[in-house]
Amino acid sequence: QRLSQTSYSGGWKSCVGGGADRLSDEASNALLKTLEEPAGRTVFLLLTDQPESLLSTIASRCQRIVLTNVHDSLPDERRRELATILAESGAGETIDGIVPGRRVATILESIRQQITREVEAEQGEGDEDDTVEARISSRYREVRAAVLRFIVLWYRDIMLAVFGVDEKCMHNREFAPQLRNVAAGLACGAALRKVEAAETMKEQLDRNLDEVSVLSMGFYRLSGGK
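Residues numbered from 1 in each chain as written. Predicted model: local features only at pLDDT ≥ 70, side-chain atom pairs only at ≥ 80, totals over all residues. Heavy atoms only, no water.

## Here we look at helix α7 (residues 188–206)
And then number 1: The end-to-end C-alpha separation of α7 is 27 Å, in line with the 27 Å expected for 19 residues at 1.5 Å each.
And then number 2: Among all positions of α7, only Ala190, Ala191, Lys194, Val195, Ala197, Ala198, Met201, Gln204 and Leu205 are buried.
And then number 3: Looking at the buried side of α7, the elements it contacts are α5 (129–162) and α8 (211–222).
And then number 4: Just beyond α7, the residue with positive phi is Asn208, at close to 60°. (Helix = DSSP H or I, 4+ residues; strand = E, 2+ residues; numbered from the N terminus. Expected span 1.5 Å × (residues − 1). Buried < 20%, exposed > 50% of the residue type's maximum accessible area, 1.4 Å probe, protein only. Contact = heavy atoms within 4.5 Å.)

## What about the environment of Arg173?
And then number 1: Mapped onto the fold, Arg173 is located in the loop between α5 and α6 (176–183).
And then number 2: When the C-alpha atoms of Arg173 and Glu142 are compared, they prove to be 23 Å apart, with 31 residues separating the residues in sequence.
And then number 3: Apart from the residues within four sequence positions on either side, Arg173 is in contact with Glu167 and Lys168.
And then number 4: Within the structure, Arg173 has its side chain in polar contact with the backbone oxygen of Met170 (distance 2.9 Å). (Polar contact = N/O pair within 3.5 Å; in protein donor to acceptor, adjacent residues only side chain to side chain.)

## Examining the packing of aromatic side chains
And then number 1: Scanning all chains against the criterion turns up 3 aromatic pairs.
And then number 2: Residues Phe150 and Phe175 carry aromatic rings whose centres are separated by 6.3 Å and whose planes lie at 85° to one another, so their mutual orientation is edge-to-face. Of this pair, Phe150 sits in helix α5 while Phe175 sits in the loop between α5 and α6; the two residues are 25 residues apart in sequence, bridging distant segments of the chain. Side by side, Phe150 and Phe175 carry an identical accessibility label, which is buried.
And then number 3: Where Trp154 meets Phe175, the ring centres are 6.1 Å apart and the plane angle is 50°; that geometry is what we call tilted. Placement of the pair is Trp154 in helix α5 and Phe175 in the loop between α5 and α6, with a sequence separation of 21 residues. (Phe/Tyr/Trp six-rings, centres within 6.5 Å; stacked < 30°, edge-to-face > 60°.)

Pasting the structure below:
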């Protein structure tokens, strides 16, 4: 109703929908009707980190714009933790994906607990429990995505090392010695399969599949399992 009215200065009107993936079916269908017959000079901005959760009929009416994630970089401490796990796993110190998978899961659980404390400290008196949980879930997914991106780029860097590319081209070049150690003796095909396994693991977690299962199977494949 408000969007059907004339803007204050006669210019464009905008509507920002945060957490668009959390729209119920009823709300999504109501929004779809508005998108099919929008008021003049009106732009809708639907914000989501899970665009695949939008109704396909809504997504088809949108122009997708990918923004840089504000949580794209991890603290140095987390990066070092992950690098240690990945370097040890790649060096053959584990025989399957159970141990490194559980170690990464432990890091993620620590991150979730930290975010929970931060959000609860910011909680206002009028905030409902489901609102607080939504904030925790949203922040956690963002940081988890950064963790998985680090893992994917780690194995891409290994592939670069296998091909003899200069370490200046590596994303995680501060860990170049560990990366080259893992890459030593690794065939090109094996390096590519590791990249594919890491990307698959990230895609599965983006779909909110069970973390422990995804990480265990993902690191099993990264260790050479089928």
